[in-house]
Amino acid sequence: MGRIHQGRSHDDSKAHALSIDESVVQKTLELVRAHSRLDEETPVRPHRSPESLRETLSIELDGEAHPFDDVTDALAGLLSATPSTTSQQFFNQLFAGRDTVATMGDVLAVIANTPMYTFKAGGPQVLLERACINRMAAKVGFDPGDGIFTPGGSLSNMAALIIARNEALEGSRESGLPGARLIVYTSEECHYSVRKGAGMVGIGRGNVRFVPADEHGRMDPNALRSMMLEDRDSGAVPIMINATSGTTVQGAFDPIDQIADIASEQGVWLHVDAAWGGAVLLCESKRRLMDGVDRADSVTWDAHKLMGAPLTSAVLLTREVGVCKKHFDEAASYLYQEDDDELNPGRSSLQCGRRNDALKLWAAWKYRGDAGYDAMIRQFYALAEYTADRVREDPGMTLSHDPQYVNVCFEVNAKSSERICYELGRRQKAKVGYGIVNGRKTIRMVYANNEVTTDHVDRLLDDILAIAAELPDEDNAIEPALACSC
Ligand SMILES: Cc1ncc(COP(=O)(O)O)c(C=O)c1O
């Protein structure tokens with residue numbers, strides 16, 4: 001291989017000084033190409049057991065120093081065995097594919113290694129992070145709005161819980177929590193991070209109330225109101241409603257306007273978890289699904305989901321300026337030495353040292369523009385509609401819901417959805433997950449990769465039907481106790 005600057009010989013006990021020169025870039029590119037090369041027949045990579053991976057790959061750290069070439073060989077082995085999330089047959093998560101410009105931005109963010117707490121150390125990077133927050137806040141309808149980048153949607157939701165808790169209990173940020181029973185409301189179709197966060201921030205998992213959803217997966221506002229009144233009667237303190245825009249399984253949108261009426265009537269914090277669905281705000285013909293979101297107090301939105309940024313790129317947006325600073329600020333004379341607080345995002349963020357998760361989004365948005373995102377989201381909708389139509393037309397399959405978003409859930413009649421998904425992975429055909437809809441396990445398709453075409457959908461449905469034909473009959477109904485998808 002090419003020349004590598006090594007300050008010391010390999011045997012030296014000191015660490016090797018290795019700079020990023022042509023040869024290292026070349027080697028990295030080789031690894032990238034190897035990872036991107038996918039076999040037509042096994043597009044999501046061979047299914048391997050943990051035992052076989054441990055046996056054949058040099059995974060354990062033995063504490064020894066190894067030559068650079070050995071390490072790159074080990075990296076090549078690891079990458080070639082790592083499931084591909086960019087394959088057009090990867091539908092397992094709420095992200096897929098690779099946005100080229102965003103990936104470039106992220107690579108450069110790693111190279112620059114900006115810590116993102118101060119303007120002093122971040123320079124223009126903190127300005128472009130602010131530009132992303134401003135643009136997203138404007139799409140929500142917050143004028144001017146505010147926000148922070150977080151390590152993901154779960155932590156944006158957790159941050160919202162902390163803010164709602166502190167806002168409801170004056171002084172609690174300073175003195176801790178009094179004995180009050182605080183209640184959070186969210187639909188039974190919400191993401192698990194709401195309850196997880198409640199357990200983490202002292203509200204208590206048991207104090208999350210799951211509001212029934214209709215057959216389309218949308219929160220029932222009447223049930224919400226009754227539950228809140230009941231809880232108040234019993235002496236509990238409702239503090240937050242979480243409305244979901246784009247539920248994890250069905251892609252349902254809670255009726256935010258109606259929920260906002262209840263939030264203001266009851267005087268509680270309204271948070272909208274749009275980690276998955278926020279991207280509809282970029283799609284002119286669909287954004288009405290989030291009507292009323294400008295009335296929310298805070299909004300979670302993940303750019304690493306439908307906006308195609310590599311993991312992670314996520315924000316918590318707030319309607320009121322300065323809310324995050326009010327609840328998360330700490331002084332530190334060794335850190336904040338220059339510039340106003342607005343130029344030092346560390347004063348509002350959850351972390352101290354923080355990755356630059358904005359540059360990739362900024363680069364992609366510059367490249368695509370609003371119109372590019374609008375077109376991309378319409379393309380995902382078209383794939384979802386195509387899938388739903390194919391399922392509707394086939395008497396051997398049942399569509400589980402009319403898609404509101406880019407999630408399509410369905411069953412092959414009398415065949416286990418769980419086993420079909422498992423077999424798709426084991427036979428290296430595709431990675432697809434199952435999800436519970438109205439008490440039944442369904443195959444959940446999601447469209448988030450802009451390289452997927454209807455040919456890929458056809459291929460997947462054919463694979464699903466072929467596998468199903470080999471399986472024994474089985475019902476997908478689940479025990480009612482397990483019916484809540486969160
Ligand atoms: C509705 C919803 N909220 C929150 C999250 C959590 O987001 P993250 O994976 O970025 O923590 C997800 C993840 O799928 C989600 O679907």
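Here, the structure is the one placed above.
Nothing here was measured: the structure is a model prediction, and the numbers come from that model.

K.L.:
Would you take a moment to explain the site of the ligand for this structure?
P.N.:
Among the 14 residues in the neighbourhood of the ligand, the closest are listed as G152, G153, S154, H191 and A275. Classifying every residue of the shell around the ligand gives 4 nonpolar, 8 polar and 2 charged.

K.L.:
Help me understand the environment of V280, please; the structure alone is not making it clear to me.
P.N.:
Tracing the chain through its elements places V280 in the loop between β6 (269-273) and β7 (298-302). The class of V280 is buried, set by 27 C-beta atoms lying within 10 Å. Considered as a pair, V280 and K415 are 135 residues apart in the sequence and their alpha carbons are 33 Å apart. For V280, the contacting residues outside a window of four places in its chain are K286, R287, L289, M290 and I377.

K.L.:
Hey, could you run me through the sheet that holds strand β4 (residues 208-211) in this one?
P.N.:
Through backbone hydrogen bonds, the strands of a sheet pair up, either in parallel or in antiparallel fashion. The strand order β2-β8-β7-β6-β5-β3-β4 describes an open sheet built from 7 strands, whose pairing is mixed. Looking at which strands have only one partner, the edges of the open sheet turn out to be β2 (146-150) and β4. On average, each strand axis in the sheet is tilted by 20° relative to the strand beside it, whichever way the strands run. As paired elements, β7 and strand β8 (residues 314-318) share 5 bridges and run antiparallel to each other. Bridge pairing in β8 links T300 to L316.

K.L.:
In this structure, what is going on with unusual backbone geometry? I would like to understand it.
P.N.:
Outside of glycine, negative phi angles account for most residues, and trans bonds account for most peptide bonds. Here D143 and P144 are connected by a cis peptide whose omega angle stands at 10°. Secondary-structure assignment places P144 in the loop between α6 (124-140) and β2. Here the residue pair L311 and T312 is connected by a cis peptide bond, since its omega of -15° sits within 30 degrees of zero. Within the secondary structure, T312 sits in the loop between β7 and β8. Although it is not a glycine, A414 adopts a positive phi angle of roughly 60°. By the element assignment, A414 lies in the loop between β10 (407-412) and α14 (417-426). In this structure, N438 takes a positive phi of about 45° despite not being glycine. Positionally, N438 belongs in the loop between β11 (431-437) and β12 (440-446).

K.L.:
Where do I start with helix α10 (residues 221-233) in this structure?
P.N.:
Residues lying three or four places apart along an α-helix face the same way, a consequence of the helix completing one turn every 3.6 residues. Taking 1.5 Å of rise per residue, the 13 residues of α10 would be expected to cover 18 Å, and the 19 Å separating its terminal C-alpha atoms lies within 8% of that figure. Regarding α10, the residues found buried are P221, L224 and M228. Taken down its axis, α10 places every buried residue within 50° of arc, on the same side. Facing away from the buried side of α10 by over 90 degrees, the exposed positions are N222, S226, L229, E230 and D233. Looking at the buried positions of α10, the neighbouring elements they touch are β3 (182-187), β4, β5 (237-244) and α11 (256-266). In the segment just after α10, G235 is the residue with positive phi, at about 90°.

Parameters at a glance
Starting from 1, residues in each chain are numbered consecutively following that chain's sequence as written. Two thresholds apply to this predicted model, a pLDDT of at least 70 for residue-level local features and 80 or more for giving and counting side-chain atom pairs, whereas whole-chain, interface and lining totals are computed over all residues. What makes a residue near a molecule or strand is its C-beta atom, placed from the backbone, lying within 6 Å of it. Each residue is assigned to one of three groups, with Ala, Val, Leu, Ile, Met, Phe, Trp, Tyr, Cys and Pro labelled nonpolar, Asp, Glu, Lys and Arg labelled charged, and all others, Gly among them, labelled polar. Helix numbering and strand numbering both begin at the N terminus, where a helix is a DSSP run of H or I of at least 4 residues and a strand a DSSP run of E of at least 2. To sort residues by exposure, count the other C-beta atoms lying within 10 Å of each residue's C-beta; 20 or more gives buried, 12 or fewer gives exposed, and values between give partly exposed, all with C-beta atoms placed from the backbone. Two residues qualify as a contact pair if the distance between their C-beta atoms, derived from the backbone, is within 7 Å. Pairing between strands is defined by DSSP: at least two bridges between them are needed. Note on method: axes are straight lines fitted to C-alpha atoms, helices fitted across the in-contact stretch only, with angles between N-to-C directions ranging 0 to 180 degrees. Helix span, as expected, comes to 1.5 Å for every residue beyond the first. Starting at the helix axis, one direction is taken to each C-beta atom, and the arc is that of these directions.

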